[in-house]
Amino acid sequence: MRMTKSRELLACVLQIIISVCTVIFIFSSVMHFVLANPDYFSSHFVTGQLVEECNAQLTRKYEVLSKESKIPLRVFEMIKTHSPTDEVLSVNAQRVFSPEENNMLAGENEEYFYTIFKEYAEGNDIKFTKADLKNTAKIAAEIYEETVGIYNADGVYESIVNLRSTMNFVSLISLMLGIICAIAVLLMYKHRRNGYHHCLGGLSGGAVATLIVSLFCRVFSPIAKLGIQPEAYRVCIERIGDRLVTVCGAISAVLIAACFVTMLVIERKHEASKDNVSITK
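Conventions used here
- Residues numbered from 1 in each chain as written.
- Predicted model: local features only at pLDDT ≥ 70, side-chain atom pairs only at ≥ 80, totals over all residues.
- Heavy atoms only, no water.
- Helix = DSSP H or I, 4+ residues; strand = E, 2+ residues; numbered from the N terminus.
- Contact = heavy atoms within 4.5 Å.
- Salt bridge = Lys/Arg side-chain N within 4 Å of Asp/Glu carboxyl O.
- Buried < 20%, exposed > 50% of the residue type's maximum accessible area, 1.4 Å probe, protein only.
- Core = buried A, V, L, I, M, F, W, Y, C linked by side-chain atoms within 4.5 Å.
- Axes fitted to C-alpha atoms, helices over the stretch in contact; angles between N-to-C directions.
- Parallel < 35°, antiparallel > 145°, perpendicular 65-115°, else oblique.
- Left-handed = near helix turned anticlockwise from the far one by under 90°.
- Nonpolar A, V, L, I, M, F, W, Y, C, P; charged D, E, K, R; others polar.
- Expected span 1.5 Å × (residues − 1).
- Phe/Tyr/Trp six-rings, centres within 6.5 Å; stacked < 30°, edge-to-face > 60°.

Undergrad: Would you take a moment to explain the side chain of T85 for this structure?
TA: Within the element layout of this structure, T85 appears in helix α6 (residues 85-95). When residues no more than four places from it in sequence are discounted, the contact partners of T85 are V51, C54, N55, L58 and K80.

Undergrad: In this structure, what is going on with the environment of C236? I would like to understand it.
TA: Tracing the backbone shows C236 in helix α11 (residues 231-280). Expressed as a C-alpha distance, the spacing of C236 and T47, which sit 189 residues apart in the sequence, is 8.2 Å.

Undergrad: Just to check I follow, could you spell out the pattern of salt bridges for this structure?
TA: It is possible for side chains of opposite charge to pair when their charged atoms get near one another. Under the counting rule described, the total for this entry stands at four salt bridges. A salt bridge links E77 to K80; the shortest N-O distance between them is 2.7 Å. Look at E77 and you get partly exposed, because its relative accessible area is 22%. D242 is paired through a salt bridge with R218; the nearest N and O atoms lie 3.9 Å apart.

Undergrad: Help me understand the nonpolar core, please; the structure alone is not making it clear to me.
TA: Nonpolar side chains in soluble globular proteins tend to end up buried together. Core analysis: the biggest nonpolar cluster contains 27 residues, and Y62, F113 and F117 have the highest contact counts within it. Counting residues per element, the ones that place at least two in this core are α3 (48-69), α4 (73-76), α6, α7 (110-123) and α8 (130-148). Residue contributions to this core peak at seven residues, all from α8. The residues contacting F113, other than those within four sequence positions of it, are Y62, F76, I79, A137, A140 and A141.

Undergrad: Got a minute to help me understand the packing of α3 against α8 in this structure?
TA: In helix packing, the relevant descriptors are the interaxial angle and the interaxial distance, both defined with respect to the helix axes. Two numbers describe how α3 lies on α8: the axes approach to 10 Å, and their chain directions differ by 160 degrees. The angle between α3 and α8 places the two elements in the roughly antiparallel class. For the pair α3 and α8, the sense of crossing is right-handed. Side by side, α3 and α8 meet where C54, Q57, L58, K61, Y62, L65 and S69 of the first sit next to T136, I139, A140, I143, Y144, T147 and V148 of the second. In the contact of α3 with α8, the residues fall into nine nonpolar, four polar and one charged.

Undergrad: Can you help me understand α3 in this one?
TA: Since there are 3.6 residues in each turn of an α-helix, residues three or four apart along the chain are aligned in direction. Compared with an ideal rise of 1.5 Å per residue, which puts 22 residues at 32 Å, α3 spans 31 Å between its outermost C-alpha atoms and is within 8% of the ideal. Burial in α3 covers these residues: L50, V51, C54, Q57, L58, T59, Y62, L65, S66 and S69. Residue K70 follows α3 closely and has a positive phi angle near 70 degrees.

Undergrad: How should I be thinking about unusual backbone geometry in this particular structure?
TA: Leaving glycine aside, a negative phi is the common case for residues, and trans is the common case for peptide bonds. Within the chain, K70 stands out as a residue other than glycine whose phi angle is a positive 70 degrees. Note on placement: K70 falls in the loop between α3 and α4. One non-glycine residue, D125, adopts positive backbone phi at about 55 degrees. Residue position: D125 is located in the loop between α7 and α8.

Undergrad: Quick question: what am I supposed to make of the packing of aromatic side chains here?
TA: In this description, an aromatic ring pair is defined by two values, namely the gap between the centres and the angle between the planes. Under the criterion given, the structure shown has five aromatic pairs. An angle of 65 degrees between the planes, with centres 5.0 Å apart, marks the rings of F76 and F117 as edge-to-face. With F76 in helix α4 and F117 in helix α7, the pair connects residues that are 41 residues apart, well separated along the chain. As far as the burial class goes, F76 and F117 line up, both buried. Between F113 and F117 the ring centres are 5.8 Å apart and the planes differ by 40 degrees, which places this aromatic pair in the tilted class.

Purely spatial values, then, with no claim about function.
Here it is, written out as structure tokens:
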């Protein structure tokens, strides 16, 4: 009896370990293939909605600067042709993964603005001082960078670097540990059915925990607390985070269903074997 209780206690401990390994494996695998993937991040980050919002913000801000500087709005908006917003957004999304180019460089477009302002003034025989043109070019470049650049993304970059360097290792360790625990549970029981119960209980328990965590993240959105600016960027990154936890939740739901079906099959086979024994007797 004491051996039986000890075995059951050990089996329960191993079942809990399997559950923890399941949670870790699901999240680490999805994070590696989704969040820590530069191509996936940039392709889902740059949406038509984001491009339109950034262009609209640029137009509104340049309208104000145009009235103050007496330079037509169309001159300011030439930047959209020189540096297409969608292309710049894609580059910035990739820069989140690069420590050297984490943010857009301040004044990157200042020289371009100064050149087109000078050409406009000379072509229309309008008197502007060099200082005025340079000051307006500086302000226009800052507006562009504030609107299209990513700021306060250091925490995102550091998190992604850590994810990329550890997720493979974590996934492998959790998978191997879960398999070892499952084999140990199965070897503890002469009748495999009891062992299967513990293994499937561990898998389904981990899946349920993953589903709960996913729902929690969907509701409270911890990514929103990173303080990423501008607002349009924050919304896009939140959307990527929501997709990540949605994938985790979907995987856990499928795993729960699979465990339930497998348990039914095992029970039916067990009942069938009992009926066969009764008939033989």
